[in-house]
Amino acid sequence: MTEMKKFRSGFVTIVGRPNVGKSTLMNALVGEKVAIVSNRPQTTRNRIMGVMTREDWQMVFLDTPGIHTPRTKLGNFMMQSVREAMDGMDGMMVLVDATQVGEHDRAIVKEMASKKVPKVLLLNKIDLLQPEKLLTLIASFADCGYDAIIPISAKTGDGLEQLTKTMAGKLPEGPKYFPDDMMTDQPERLIVAEMIREKALLHLRDEVPHGIGVEIMGMNKESDDFMEIHATIYCERDAHKGIIIGKRGAMLQQIGTEARHDIENLLDLHVNLKLWVKVRPDWRNRMDDLRTLGYDNK
Ligand SMILES: Nc1nc2c(ncn2[C@@H]2O[C@H](COP(=O)(O)OP(=O)(O)OP(=O)(O)O)[C@@H](O)[C@H]2O)c(=O)[nH]1
Ligand SMILES: [Mg+2]
């Protein structure tokens, strides 16, 4: 008689400095874009869940904001989201960008070593790294106390099979927490707002992206295959508003067109996306504004 294989499951928190590729990794594992990605640091602002289900196991990933020293109340909220995502976790993935490991990365790797759960250290972006450098890097983490050190590329998928195999084997026996076809717990409204923010991050420079917030004012299904969406992009200064709107509205139009395309794919509907831009000075330090944009602690 063959023995029934035991089902393993658990919550696996993904942490690391900003921009190391945490959200890219989660999307690659889940096989769907559940978290937005950009080359600006501090893209992710709250913990985002992504579920990966296989025959014998289920991993519930918690992608978190990049660890940094907060300078605003939004930053405080972000760092609290990291702490909360580590509460009660069953496993942990700590990421560094293998092409530029700094003292902050090493400090995080060291701090997380004390967490009493299975954990893997992931050296990401190896598609950009010369192989000889990788060996030196691995050697420099030799005594880190993690269950495994795995070089990966979240972009090309290199190493991800080894990663899931290693992590799944270390998870406790447990239930299937979420149905097979569930990828995330984020409400549609939030994903839509994030998609708009992603396109804004993609096109805006310098300090403008950090001060962007998106609020969905309304999502009205006009018919079976058509939805009208109204959204407001907040920024912190008049000068930023001008940049976001652009010459004769060109920038806002580009952000809107690209976001609409992604939203239509997500919702499988035709979308009319109407964007407004408003200035809210210092919103990242104002509790009422943070609450409006979903960056509160409840
Ligand atoms: N070449 C390469 N680029 C990558 C890889 N993984 C992520 N990136 C890029 O790195 C940048 C940051 O990726 P994100 O996934 O947004 O990083 P993050 O760690 O979630 O960043 P925060 O949310 O700001 O903490 C993006 O431009 C990605 O395309 C990789 O394996 N190889
Ligand atoms: Mg991220």
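Just so it is clear, the structure is predicted and the values come from calculations on it, not from any experiment. (Residues numbered from 1 in each chain as written. Chains lettered and ligands numbered in written order. Predicted model: local features only at pLDDT ≥ 70, side-chain atom pairs only at ≥ 80, totals over all residues. Heavy atoms only, no water.)

Novice: I keep staring at the overall build of the protein and nothing clicks. Help me out?
Specialist: On a plain count of helices and strands, the protein comes out with 9 helices and 9 strands. Over its C-alpha atoms the protein spans a radius of gyration of 20 Å, differing by no more than 12% from the 19 Å that the globule rule assigns to 298 residues. With the principal axes as the frame, the protein shows a C-alpha extent of 65 × 50 × 35 Å. Buried residues in the protein amount to 52% of all 298 residues. Sequence-distant contacts, at least 24 apart, represent 71% of the contacts inside the protein between residues at least 6 apart. Here the protein has roughly 15100 Å² of accessible surface; of this, 48% comes from carbon and sulfur atoms. Charged side chains of the protein number 41 positive and 42 negative; the gap between the two group centres comes to 5 Å. (Helix = DSSP H or I, 4+ residues; strand = E, 2+ residues; numbered from the N terminus. Rg over C-alpha atoms; globule rule 2.2 N^0.38 Å. Buried < 20%, exposed > 50% of the residue type's maximum accessible area, 1.4 Å probe, protein only. Contact = heavy atoms within 4.5 Å. Areas by Shrake-Rupley, 256 points an atom, 1.4 Å probe, with all protein chains shown as cover. Lys, Arg positive; Asp, Glu negative; His and termini not counted. Charge placed at Lys NZ, Arg CZ, Asp CG, Glu CD.)

Novice: Would you explain the coordination of the magnesium ion (ligand 2) in this entry?
Specialist: Under perfect tetrahedral coordination by four donors, a metal shows angles of 109.5 degrees; under perfect octahedral coordination by six donors, it shows angles of 90 or 180 degrees. Protein-derived ligands of the magnesium ion (ligand 2) are Ser-23 (OG) and Thr-44 (OG1), with the metal-ligand distances lying across 2.0 to 2.1 Å. Of this pair, Ser-23 sits in helix α1 (residues 22-30) while Thr-44 sits in the loop between α1 and β2 (48-53), and the two are 21 residues apart along the sequence. Overall, the relative accessible area of 6% leaves Thr-44 in the buried class. (Donors = N, O, S within 2.8 Å, 3.2 Å for Na, K, Ca; no water.)

Novice: Can you help me understand the packing of aromatic side chains in this one?
Specialist: Two numbers describe a pair of aromatic rings. These are the distance of the centres and the angle of the planes. Using the criterion set out here, one finds 3 aromatic pairs in the structure. Relative to Tyr-295, the ring of Trp-283 lies with its centre 6.3 Å away and its plane at 20 degrees, an arrangement referred to as stacked. Highlighted residues: Trp-283 in the loop between β9 (270-279) and α9 (287-292) and Tyr-295 in the segment after α9, separated in sequence by 12 residues. Comparing Trp-283 with Tyr-295 shows no difference in burial state: the two are buried. In textbook terms, an aromatic cluster arises when at least three aromatic residues are bridged by ring pairs, as seen for Phe-77, Trp-283 and Tyr-295. One residue, Lys-119, lies across the ring of Tyr-146, its end atom 5.9 Å from the ring centre. (Phe/Tyr/Trp six-rings, centres within 6.5 Å; stacked < 30°, edge-to-face > 60°. Lys NZ or Arg CZ within 6 Å of the ring centre and 35° of its normal.)

Novice: Would you take a moment to explain the domain arrangement of the protein for this structure?
Specialist: Interfaces are often sized by the amount of accessible area the parts lose when they come together. For the protein, the assigned domains read domain 1 (8-170) and domain 2 (188-292). Centre-to-centre, using C-alpha coordinates, domain 1 lies 28 Å away from domain 2. Contacts between domain 1 and domain 2 engage 13 residues on the former and 17 residues on the latter. With both chains or domains summed, domain 1 and domain 2 bury close to 1400 Å², and 52% of this area falls on carbon and sulfur atoms. The largest per-residue losses of area from domain 1 upon contact with domain 2 belong to Ile-36, Arg-40 and Arg-45, which jointly make up 42% of the total buried on that side. Applying the counting criterion to the domain 1 and domain 2 interface returns 1 salt bridge. Among the ionic pairs, Lys-33 bridges to Glu-198, the shortest N-O distance being 2.7 Å. At the boundary of domain 1 and domain 2, one finds 10 residue pairs in polar contact (both at pLDDT 80 or more). Of the residues that constitute the side of domain 1 that touches domain 2, the class distribution is 5 nonpolar, 4 polar and 4 charged. (Domains from an automatic or database assignment. Buried area = accessible area lost by both parts, 1.4 Å probe. Salt bridge = Lys/Arg side-chain N within 4 Å of Asp/Glu carboxyl O. Polar contact = N/O pair within 3.5 Å; in protein donor to acceptor, adjacent residues only side chain to side chain. Nonpolar A, V, L, I, M, F, W, Y, C, P; charged D, E, K, R; others polar.)

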